[in-house]
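Single-letter residue listing:
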Amino acid sequence: AQKVTQAQTEISVVEKEDVTLDCVYETRDTTYYLFWYKQPPSGELVFLIRRNSFDEQNEISGRYSWNFQKSTSSFNFTITASQVVDSAVYFCALSEARGNNRLAFGKGNQVVVIP
Amino acid sequence: NAGVTQTPKFQVLKTGQSMTLQCAQDMNHNSMYWYRQDPGMGLRLIHYSVGAGITDQGEVPNGYNVSRSTTEDFPLRLLSAAPSQTSVYFCASSYSGLAGTRREQYFGPGTRLTVT
């Protein structure tokens, strides 16, 4: 069964600090996909990134970066130089290739950026 | 291109009432999903569909019914509302490839449901 764990529930940072969100996953599949979504206070869910299990290349997109390590089953997300607009709940999710694209979500990290 | 739309945005029901949450997508996605979001629980899958005429249960299907008569629409029916169904409901859609390729899911704006 697929499972995603986001241990930190709420993280507060001062504006311009970096913040890293941890995501640990469990799956028996050798082929799977990992995702990060952002949910701002307005409530919608915004897709940020998708990674498949064969692609461990880490990625940077603007102030966002992702660190995927199969050896530790982790897919961590870092916001560099945080801004108030980054205040949101961030969800990590997993989809197994055999699972009809069912997403298993972690419980989310509430990020509060203090100006 | 509206993406995924949901109606209504807010709804208050009394225990025992029934209603249908509407969901539509215009991206020609084959797969659609219903999730509920409760505080501290993340999102949990209620029902999903991989194509017209095909539906299946997710983690928390009890008390809900779905059908998929067209590619575009995927309504969620609450048969007899209970206070435990107070939640925010999200509909999502995605493309699921035959070879197991998984694309990101796109979410609607959500429906906030309160059952008293």
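Treat the numbers as computed from the prediction; the structure is a model and nothing was measured. (Residues numbered from 1 in each chain as written. Chains lettered and ligands numbered in written order. Predicted model: local features only at pLDDT ≥ 70, side-chain atom pairs only at ≥ 80, totals over all residues. Heavy atoms only, no water.)

### With respect to the sheet that holds strand S8 (residues 76-78) of chain B
Residue and element names in this part refer to chain B. Reading across the sheet, the 4 strands line up as S1-S3-S8-S7 and stay open at both edges, with antiparallel pairing between neighbours. Two strands bound the open sheet, and with one partner strand each, they are strand S1 (4-7) and strand S7 (64-66). Across the sheet, the axes of successive neighbouring strands diverge by a mean angle of 20°, strand direction being ignored. Here S7 pairs with S8 via 3 bridges, running antiparallel. Each residue of the ladder has a partner; that of Tyr64, found in S8, is Leu78. (Pairing = 2+ DSSP bridges. Helix = DSSP H or I, 4+ residues; strand = E, 2+ residues; numbered from the N terminus. Axes fitted to C-alpha atoms, helices over the stretch in contact; angles between N-to-C directions.)

### Notes on the interface of chain A and chain B
Tallying the contact residues gives 21 residues for chain A and 24 residues for chain B. Carbon and sulfur atoms supply 52% of the area that chain A and chain B bury against each other, a total of about 1,900 Å² over both sides. The interface formed by chain A and chain B contains 1 salt bridge. A salt bridge links Glu104 of chain B to Arg50 of chain A; the shortest N-O distance between them is 3.6 Å. For the pair chain A and chain B, the number of links is 2 residue pairs in polar contact (both at pLDDT 80 or more). Going through the elements one at a time, strand S5 (32-39), strand S6 (46-52) and strand S10 (88-96) of chain A are the ones with two or more residues in the side of chain A that touches chain B. If you tally residues by element for the side of chain A that touches chain B, the top one is S5 of chain A, at 4 residues. (Contact = heavy atoms within 4.5 Å. Buried area = accessible area lost by both parts, 1.4 Å probe. Salt bridge = Lys/Arg side-chain N within 4 Å of Asp/Glu carboxyl O. Polar contact = N/O pair within 3.5 Å; in protein donor to acceptor, adjacent residues only side chain to side chain.)

### Here we look at the packing of aromatic side chains
Residues and elements named next belong to chain A. Throughout the structure, instances matching the rule amount to 21 aromatic pairs over all chains. Ring geometry for Phe77 against Tyr90: centres 5.5 Å apart, planes inclined by 50°, an arrangement best described as tilted. Remark: Tyr90 occurs in strand S10 and Phe77 occurs in strand S9 (residues 74-79); sequence separation between them is 13 residues. With respect to burial, Phe77 and Tyr90 carry one shared label: buried. (Phe/Tyr/Trp six-rings, centres within 6.5 Å; stacked < 30°, edge-to-face > 60°. Buried < 20%, exposed > 50% of the residue type's maximum accessible area, 1.4 Å probe, protein only.)

### Some words on the layout of surface pockets
Considering only enclosed or pocket space, the largest pocket measures out at about 710 Å³ in volume. Lining the largest pocket are 33 residues; nearest its centre among them are Gln39 and Gly43 of chain A together with Gln37, Val88 and Arg112 of chain B. Those elements giving two or more residues to the lining of the largest pocket turn out to be S10 and strand S12 (109-114) of chain A together with strand S4 (31-38), strand S9 (87-94) and strand S11 (111-115) of chain B. For the lining of the largest pocket, the per-class residue count stands at 12 nonpolar, 16 polar and 5 charged. Lining the second largest pocket are 16 residues, and of these Lys3, Val4, Ala104 and Phe105 of chain A together with Glu59 of chain B lie nearest its centre. Of all the secondary-structure elements, those providing two or more residues to the lining of the second largest pocket are strand S1 (3-5) and strand S11 (104-105) of chain A together with strand S5 (42-51) of chain B. The residue makeup of the lining of the second largest pocket, split by class, is 7 nonpolar, 4 polar and 5 charged. (1 Å grid on protein atoms, 1.4 Å probe; cavity = no way out; pocket = protein on both sides within 12 Å on 5 of 7 lines; lining within 4 Å. Points joined across faces, edges and corners; volume = space filled by probe spheres on them. Nonpolar A, V, L, I, M, F, W, Y, C, P; charged D, E, K, R; others polar.)

### Things to note about the state of the cysteines
All names here are of chain A. Inspection of every chain in the model, using the stated rule, returns 2 disulfides over all chains. Paired through a disulfide, Cys23 and Cys92 show a sulfur-sulfur distance of 2.0 Å. Residues Cys23 and Cys92 share a disulfide whose torsion about the S-S bond is about -65°; that sign makes it left-handed. Of this pair, Cys23 sits in the loop between strand S3 (19-21) and strand S4 (24-26) while Cys92 sits in strand S10; the two residues are 69 residues apart in sequence, bridging distant segments of the chain. The pair Cys23 / Cys92 is uniform in exposure class, with both members buried. (Disulfide = S-S within 2.5 Å.)

### So, the nonpolar core
All names here are of chain A. Counting 24 residues, the largest nonpolar core has Leu21, Trp36, Trp66, Phe75, Phe77 and Tyr90 as its most contacted members. Elements that contribute at least two residues to this core include exactly strand S2 (10-14), S3, S5, S6, strand S8 (64-69), S9, S10 and S12. Element by element, the count of residues in this core is highest for S10, at 4 residues. Apart from the residues lying within four places of it in its own chain, the contact partners of Phe75 are Cys23, Leu34, Phe35, Trp36, Ile49, Arg51, Trp66, Asn67, Phe68 and Cys92. (Core = buried A, V, L, I, M, F, W, Y, C linked by side-chain atoms within 4.5 Å.)

Worth remembering: the numbers are spatial, not functional.
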